[in-house]
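The residues making up each chain are set out below.
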Amino acid sequence: MPEPRVTIKIPRPLYERISKSIEGSGFSSVTDFIVYVLRDVMSGAGAKNELDRDFTKDEIEAIKQRLKNLGYL
């Protein structure tokens, strides 16, 4: 049985930008790409949480820059 899903809203220009950038990439949809990116981000965050430590200033800035590059900030 597939996992239950929820709807997440993103700005239309970001959706269209992602849609264009994934053409020919192997991702079958914008949703698949976003799920991939979020799992990647969260797996890194999960690994750091397992070490029971806070993010450094540099790590926080790197995350912010990555989110900015993806159009979230």
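Before reading on, note that the structure itself is shown above.
Definitions and cut-offs
Residues numbered from 1 in each chain as written. Predicted model: local features only at pLDDT ≥ 70, side-chain atom pairs only at ≥ 80, totals over all residues. Heavy atoms only, no water. Helix = DSSP H or I, 4+ residues; strand = E, 2+ residues; numbered from the N terminus. Buried < 20%, exposed > 50% of the residue type's maximum accessible area, 1.4 Å probe, protein only. Contact = heavy atoms within 4.5 Å. Areas by Shrake-Rupley, 256 points an atom, 1.4 Å probe, with all protein chains shown as cover. Patch = residues over 30% accessible without salt bridge, like charges linked within 9 Å, V, L, I, M, F, W, Y side chains within 5 Å. Salt bridge = Lys/Arg side-chain N within 4 Å of Asp/Glu carboxyl O. Core = buried A, V, L, I, M, F, W, Y, C linked by side-chain atoms within 4.5 Å. Phe/Tyr/Trp six-rings, centres within 6.5 Å; stacked < 30°, edge-to-face > 60°. Lys NZ or Arg CZ within 6 Å of the ring centre and 35° of its normal.

**Some details on the overall build of the protein**
Step number 1: Secondary structure assignment for the protein yields three helices and zero strands.
Step number 2: From first element to last, N terminus to C terminus, the protein shows the α and β order α-α-α.
Step number 3: Among the 73 residues that make up the protein, the fraction classed as buried is 12%.
Step number 4: Contacts in the protein between residues far apart in sequence, at least 24 positions, make up 42% of those at least 6 positions apart.
Step number 5: Taken as a whole, the protein presents about 6400 Å² of accessible surface, with 55% of it coming from carbon and sulfur.

**Examining a nonpolar patch on the surface**
Step number 1: There is a patch of nonpolar side chains on the surface, built from Val6, Ile8 and Leu38 and spanning about 330 Å² of accessible area.
Step number 2: Mapped onto the elements, Leu38 comes out in helix α2 (residues 30–50).
Step number 3: On the basis of relative accessibility, which here comes to 38%, the residue Leu38 falls in the partly exposed class.

**Some words on the nonpolar core**
Step number 1: Within the largest apolar cluster, seven residues are counted, these being Leu14, Ile18, Ile22, Val30, Phe33, Ile34 and Val37.
Step number 2: Of all the secondary structure elements, the ones that give two or more residues to this core are α1 (12–21) and α2.
Step number 3: Tallying contributions element by element places α2 first for this core, with four residues.

**Some remarks on the packing of aromatic side chains**
One pair of aromatic rings is described through two measures. These are the centre distance and the angle between the planes.
Step number 1: Applying the stated criterion across every chain yields a total of two aromatic pairs.
Step number 2: Look at Phe27 and Phe33: their rings are 5.2 Å apart centre to centre, the planes differ by 90 degrees, and that puts the pair in the edge-to-face class.
Step number 3: Through a chain of ring-to-ring contacts, the aromatic side chains of Phe27, Phe33 and Tyr36 assemble into a single cluster.
Step number 4: Across from the ring centre of Tyr15, 5.8 Å away, lies the NZ or CZ of Arg12, which sits over that ring.

**Some remarks on the pattern of salt bridges**
Step number 1: Inspection of every chain in the model, using the stated rule, returns three salt bridges.
Step number 2: Ionic pairing is found between Arg39 and Glu3, a salt bridge with its closest N-O pair at 3.8 Å. Here Arg39, found in helix α2, pairs with Glu3, found in the segment before α1; they are 36 residues apart in sequence, far enough to count as distant.
Step number 3: Judged by its relative accessible area of 56%, Arg39 falls in the exposed class.
Step number 4: For Glu3, a relative accessible area of 60% gives the class exposed.
Step number 5: Notably, a salt bridge pairs Lys64 with Glu61, separated by 3.9 Å at the nearest N-O pair. Here Glu61 and Lys64 lie together in helix α3 (residues 57–69), a separation of three residues that amounts to about one turn.

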